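Working through the structure, step by step
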Amino acid sequence: MAENGNDAPSGDAQSKFIRVFEGDVPSVPPMWFMRQAGRYLPEYRELRSKAGSFLDLCYNSDLAAEVTLQPVRRFDLDAAILFADILLIPHALGQDLRFVAGEGPRLSPVVSAGDLDAFRQCDIHPTLSPVYETVAKTKAELGADKALIGFAGAPWTVATYMLAGGPMKDPASLRRRFYEENDFITGLIDVLCEKTVEYLIKQIDAGADAVQLFDTWASGLPWPVLEAVSVKPLEHIANQIKKARPGVPVILFPKGVGEKLGEYALIRNCDGVGIDYAMDPSWARTHLPGRVVVQGGLDPLLVVAGGKEMERAAETYLKLFHDVPYIFNLGHGFIPETPPENVAALVKFVRSYNG
Ligand code: CP3
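What you see is a predicted model, and the numbers here were worked out from it, not measured in a lab. Numbering of residues starts from 1 in every chain and runs along the sequence as written. Given that the model is predicted, a residue must reach a pLDDT of at least 70 before its local features are reported, and side-chain atom pairs must reach 80 or more before they are shown or counted; all residues, however, enter totals for whole chains, interfaces and linings.

1. A word on the confidence of the model for the protein chain
With 97% of its residues at a pLDDT of 70 or more, the protein chain has an overall mean of 95. A residue's pLDDT is simply how confident the predictor is in it, with values from 0 to 100. We call two residues in contact if the C-beta atoms placed from their backbones are at most 7 Å apart. Note that residues 1-12 has pLDDT below 50 and, in this model, 17 contacts with residues that lie over four places away or in other chains. Here the predicted complex carries an ipTM of 0.93, next to a pTM of 0.95.

Have a look at this one:
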């Protein structure tokens, strides 16, 4: 067995990450981490301080490719995730975007029904072309044994930021708007669906091997609303991507949806689902269809804590999913306080685990 737990001979054309989507069950699952690039890494902080703003970094393809590769080099992970942000689509649609230290993203002006026509006609690619260049540059640097994951925000999560002008502080008011201004909210989600499909196809054409959709704010919605704003739009996106670029795995990560995750796993063109840290992994193992690859689950705060507690929890996932295609990952992204040594210890534990 190769040092990274890879059973296949080195030089294999398909990466270990992609092979699990073809039914492969390696003795050690492929591994990457949400928010694996970012402020917890000293090399990121150093580069970030030279780059100017966070957005400058996202649109500087040389630096963004370097940041994408940093965690893969440091921890020898099986996949890189494009360094960008889910809010680049609103930015490309004309919203002003700033990241205010300690407060998070700020988007202005807040969108309204009158904006939809302009959004529909907007060509997002001139703004987003540096992102496609980041994909191409990263892909050229990555070994053939590593996969490159492209991504976008799910329409609902992106819409929450566009409608609130930043992080959604009052979920009830947005839910109420879904009922009171249904045409507008549905129209916004439809436009975001179309733009997201275009954006992901460009990432795939630039070299992304798989794509993931993050629906961070899908939690807490009554079923018919969840179905309308999250499940159906993600199904539409998965179908369009599969039609345009068959063979590229589509992973859905709707956070906090509990057992409704089963509805996403039923989407014919959904190849993988992310499980969040609140999800009981035994439920996922028993109830999700075997056709769909399960990814993730580990509470990112366990990697802040480190030690035996982290290892015991990692073991739970390794044991439960040892005989099915599984991707080791977190149940949400790393937080900036994560000690890189704990990440290294986690990688070592997973690679040497012999259940
Ligand atoms: O390593 C990776 O995972 C790839 C890059 C990535 C970033 N954001 C970089 C980033 C990805 C996949 C995202 C997704 C993202 N962005 C989501 C969905 C996943 C999730 O975490 O729930 C959301 C909701 C966003 C929106 C966003 N962008 C927020 C809420 C923030 C935090 C603001 C803050 O200041 O803490 C960002 C900024 C951001 N995106 C950073 C990074 C590395 C930190 C910016 C910095 O360096 O200052």
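Resuming the write-up.
2. Overview of helix α11 (residues 223-244)
Helix numbers and strand numbers start at the N terminus; a helix is a DSSP run of H or I with at least 4 residues, a strand a run of E with at least 2. How far a helix is expected to stretch is found by multiplying one less than its residue total by 1.5 Å. Here α11 is 22 residues long and its end C-alpha atoms lie 30 Å apart, about the 32 Å a rise of 1.5 Å per residue gives. The sharpest bend along α11 comes to roughly 30 degrees, located at V231, with the proline P233 sitting one to four residues further on. Exposed residues have 12 or fewer other C-beta atoms within 10 Å of their own C-beta, buried residues have 20 or more, and partly exposed residues fall in between, where C-beta atoms are placed from the backbone. Within the span of α11, buried status applies to L226, V229, S230, V231, P233, L234, E235, I237, A238 and I241. In this structure, the buried residues of α11 make contact with α8 (155-164), α9 (171-180), α10 (182-206), β5 (210-215), β6 (250-254) and α12 (261-265). Take the seven residues that end at a residue and the seven that start at it, fit an axis to each, and the angle between those axes is the bend at that residue.

3. Describing the sheet that holds strand β9 (residues 326-327)
Hydrogen bonds between backbone atoms are what pair the strands of a sheet, whose relative direction is either parallel or antiparallel. When DSSP finds at least two bridges between two strands, those strands are taken to pair. Strand order in the open sheet made by the seven strands is β1-β4-β5-β6-β7-β8-β9, with parallel pairing throughout. Where the open sheet ends on each side, the last strands, each with one partner, are β1 (79-81) and β9. Where strand β8 (residues 293-296) and β9 come together, two bridges link them in parallel fashion. Each bridged residue has a counterpart across the sheet, and for V294 the counterpart in β9 is Y326.

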